[in-house]
Number of protein chains: 2
Amino acid sequence: MNLRQLITLCEVVDQGLKLSAAALTLHRSQPSITRQIQELEEELGAKIFLRKRNRILELTPHGREILASARRIVTELRNIRSASDDLAETAHGNFTVATTHTQARYTLPRVIRQFKGEYPNVHLSLRQATPVQCCELVARGAVDIAICTETRDALDEVIQIPCYRLNRSVVVPPAHPLLKVKPLTIEAIARYPVITYDEGFSGRWVLDRAFARRGLEPNVVLSAIDADVSKAYVEMGIGIAILATVAFDATRDAGLRTIDAGHLFAPSTLSVVARRNSYLRAYMLSFIGMFAPKLTRAAIGKALAGQPPGAPRKLPEL
Amino acid sequence: MNLRQLITLCEVVDQGLKLSAAALTLHRSQPSITRQIQELEEELGAKIFLRKRNRILELTPHGREILASARRIVTELRNIRSASDDLAETAHGNFTVATTHTQARYTLPRVIRQFKGEYPNVHLSLRQATPVQCCELVARGAVDIAICTETRDALDEVIQIPCYRLNRSVVVPPAHPLLKVKPLTIEAIARYPVITYDEGFSGRWVLDRAFARRGLEPNVVLSAIDADVSKAYVEMGIGIAILATVAFDATRDAGLRTIDAGHLFAPSTLSVVARRNSYLRAYMLSFIGMFAPKLTRAAIGKALAGQPPGAPRKLPEL
DNA sequence: CACCGTTACGGTATCCGTAAGGATT
DNA sequence: AATCCTTACGGATACCGTAACGGTG
């Protein structure tokens, strides 16, 4: 058995069971990939993939077990590399963060500016995705960490460290009738067409639940991943938007008005997501510290080791 | 980086930082081992071992980190192999159990006889050690499982699954005055020279504590790993023995008498010890089931995944 | 025909073992 | 002297990439 075989296996699965796609991302020829998998199957004496006429359909149950172990091995490999690079004080390196649009656009710019100043030689890339996708990316090691709202059905390969509470606001055009409704109620909102987050975002889930509890259903005329798109449509008079409060910028959004709706919708939890047992390089820990100052290196280390950070104290609002 | 390098690293450490010893157990030449380590250090750009003039002294802090990851990788490797062998229904295989003398001699023979009957082609080996050593052997993967009394300071690489309560008895020659002391007390025992387990065994620890709580100290004239040795010395009139109740066999030990001391000494817990996240082959699970029938495959799987088996019910007495 | 995976073949690179060297106890 | 690690060198093995082949939609 061979490390390359295991890495190959992981990549093939990540590429949707496509040998040719894996060959590209691994910078290897296709036949090489075929062989790696074949030799692995031969050595283990069992098929990993279900094939039909030279076409790979899915993993066998046994293949899934092997994959799980292979992923853990690949993670540990990265850990060894990261730890060594850290020790050598390699100032350069890569750092990939998965996050949702709202965080990328409104929360992270400050953090990223600071990070770029302190670590100019680290290549930072952002990858935009839904919270569920974020967790998957972390789980397979495609990104180093994710910053997103917590998902209910978390994979147990990842650890979510809660950082902030996230409240909602209603964004409306100036002089909208809702601005005079005090206090704001779900029933009042239900009278207007709504623009909000897409399925799969916790924002949407929280909204649907708050309406359902009143026996109502929101009249969602448009769902967007992107808070900016939502706001643009509010300006056009298509409807009102229910967004994270952070997604409203008083100066930039001077053409809009906002109404706090923290009392109507359950707050979401904004977390840092990392793979369990992963070694985070010093600059990654530093990044997390810039994002959430209470997450010191020690606190993150403890959380990664598996234990939740003691008493779940009240989180600060973002 | 290479699997062989990581396996080599683990073995070198297990052999007490001796390259030559590792070469023997890995069936490789010494220069090969040297190169593996050198190449690993070179690739990572950091020393793993602290050397002094061609002599390896210890691991560097960084080396310890790498070792920890390497061990996890080697474990997962074994998991992959075991799972594959299981699937192929390979009836043969190896199985190494670490245990203490008392269990090897009095508890396990029944289990082993049954196991040998059902799996004649599995090569089973027992390895005798103290409970602490047992856990270490499991932790570094030198044995598949251990069966021993629980140790207080358990390594977090291993999981201990409690199975039985273990009580003590006092073993005396026939017509010994203690036979007439009813109920038996610590104070009464303290009047006689005692033979019992060596340091490092939970039996010894429990005994010392029971005496200390009364402000007494046992007059230990001989400490042995081996209950049979202890009993032999009792027969010779050297002293009385305080042993696990299971270590007394009424027929074989007809020349001795036993007094239950369950009310004087805290019971120990006899557990199965396995490495966390390890894949145990079907026949190993079967063995554990023969030893402790309540440990079904599902129960063991749950315990290995990391969670203790719910409410710690009262354990059966052995 | 385009796409995907498998098989065949030649060249390079890796890695092993033997042999020899330097250092320590 | 014995033990231990390192360096040097020749040979076998493994692995990669190019090229050609067989199925599939």
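The model shown is predicted, which means the values in this text are computed figures rather than measured ones.

Trainee: I'm lost on the sheet that holds strand β4 (residues 122-128) of chain B in this one. Help?
Mentor: Pairing between the strands of a sheet is mediated by backbone hydrogen bonds and can be parallel or antiparallel. All names here are of chain B. Within the open sheet, the five strands sit side by side as β4-β3-β5-β12-β6. Their pairing is mixed. Because the sheet does not close on itself, it has two edges, and the strands there are β4 and β6 (158-166). For this sheet, the mean inter-axis angle between neighbouring strands, taken without regard to orientation, is 20°. In terms of strand pairing, strand β3 (residues 93-99) meets strand β5 (residues 145-149) through three bridges, oriented parallel. Counterpart to Val97 in the pairing with β5 is Ile145. The strands touched by helix α10 (residues 282-291) within the sheet are β3, β4, β5, β6 and β12 (268-275), with β3 carrying the most contacts at an inclination of about 40°.

Trainee: Is there a simple way to think about the layout of surface pockets in this case?
Mentor: Empty space left among the atoms is revealed by rolling a probe the size of a water molecule over them. Size it by volume and the largest pocket reaches roughly 1,800 Å³. In terms of lining residues, the largest pocket is bounded by 50 residues, among which Arg276, Asn277 and Ala305 of chain A together with Arg72 and Asn277 of chain B are the most central. Where the lining of the largest pocket is concerned, the elements lending two or more residues are α4 (61-87), α6 (131-139) and α11 (297-305) of chain A together with α4 (61-87) and α11 (297-305) of chain B. Sort the elements by how many residues they give to the lining of the largest pocket and α4 of chain B lands first, with eleven residues. The residue makeup of the lining of the largest pocket, split by class, is 18 nonpolar, 13 polar and 19 charged.

Trainee: How do you make sense of the protein's contact with DNA strand D when you look at a structure like this?
Mentor: Neighbouring DNA strand D are 23 residues; Gln36 and Arg53 of chain A together with Gln38, Arg51 and Asn54 of chain B lie closest to it. Counted by atom, the contact set of DNA strand D within 4 Å of the protein is 68% sugar and phosphate. Within the side chain of Asn2 of chain A, a nitrogen or oxygen atom sits 3.2 Å from a phosphate oxygen of DNA strand D. Between DNA strand D and Arg55 of chain A, the relevant distance is 3.3 Å, taken from a base nitrogen to a side-chain nitrogen or oxygen of the residue. Of all the secondary-structure elements, those providing two or more residues to the surface near DNA strand D are α3 (30-44) of chain A together with α2 (19-25) and α3 (30-44) of chain B. Its residues placed into classes, the surface near DNA strand D shows four nonpolar, nine polar and ten charged.

Trainee: What is the right way to look at the sheet that holds strand β5 (residues 145-149) of chain A in this model?
Mentor: Residue and element names in this part refer to chain A. Pairing is mixed in the open sheet, where five strands are placed in the order β4-β3-β5-β12-β6. The sheet is open, and its two edges are formed by β4 (122-128) and β6 (158-166), each paired on a single side. Neighbour-to-neighbour, the strand axes of this sheet turn through a mean angle of 20°, independent of strand direction. Bridge count for strand β3 (residues 93-99) against β4 is seven bridges, and the pairing is parallel. In the strand pairing of β4, Gly93 is matched with Val122. Docked against the sheet, α6 engages β3, β4, β5, β6 and β12 (268-275), running at close to 160° with respect to β5.

Trainee: Help me understand the domain arrangement of chain A in this model?
Mentor: Interface size, as often reported, equals the accessible area lost upon joining of the parts. Domain parsing of chain A yields domain 1 (3-84), domain 2 (92-161 + 271-304) and domain 3 (168-260). A separation of 45 Å is found between the C-alpha centroids of domain 1 of chain A and domain 3 of chain A.

Trainee: What am I meant to see in the interface of chain A and chain B here?
Mentor: On the side of chain B, 23 residues touch chain A, which itself brings 23 residues to the contact. The junction of chain A with chain B conceals about 2,100 Å² of combined surface from both sides, 68% of it contributed by carbon and sulfur atoms. Of all residues in chain A, Met1, Glu76 and Ile80 of chain A give up the largest surface area on contact with chain B, accounting jointly for 26% of the area buried on that side. Seen at the junction of chain A and chain B, the total is four salt bridges. When the shortest N-O distance is used, the salt bridge between Arg81 of chain A and Glu43 of chain B registers 3.6 Å. Here chain A is connected to chain B by six residue pairs in polar contact (both at pLDDT 80 or more). Counting residues per element, the ones that place at least two in the side of chain A that touches chain B are α1 (3-14), α3 and α4 of chain A. Among the elements that take part in the side of chain A that touches chain B, α4 of chain A stands out by supplying 15 residues, more than any other. Counted by class, the side of chain A that touches chain B contains 13 nonpolar, five polar and five charged residues.

Scoring rules and cut-offs
- Residues numbered from 1 in each chain as written.
- Chains lettered and ligands numbered in written order.
- Predicted model: local features only at pLDDT ≥ 70, side-chain atom pairs only at ≥ 80, totals over all residues.
- Heavy atoms only, no water.
- Pairing = 2+ DSSP bridges.
- Helix = DSSP H or I, 4+ residues; strand = E, 2+ residues; numbered from the N terminus.
- Axes fitted to C-alpha atoms, helices over the stretch in contact; angles between N-to-C directions.
- Contact = heavy atoms within 4.5 Å.
- 1 Å grid on protein atoms, 1.4 Å probe; cavity = no way out; pocket = protein on both sides within 12 Å on 5 of 7 lines; lining within 4 Å.
- Points joined across faces, edges and corners; volume = space filled by probe spheres on them.
- Nonpolar A, V, L, I, M, F, W, Y, C, P; charged D, E, K, R; others polar.
- Near = heavy atom within 4 Å.
- Polar contact = N/O pair within 3.5 Å; in protein donor to acceptor, adjacent residues only side chain to side chain.
- Domains from an automatic or database assignment.
- Buried area = accessible area lost by both parts, 1.4 Å probe.
- Salt bridge = Lys/Arg side-chain N within 4 Å of Asp/Glu carboxyl O.

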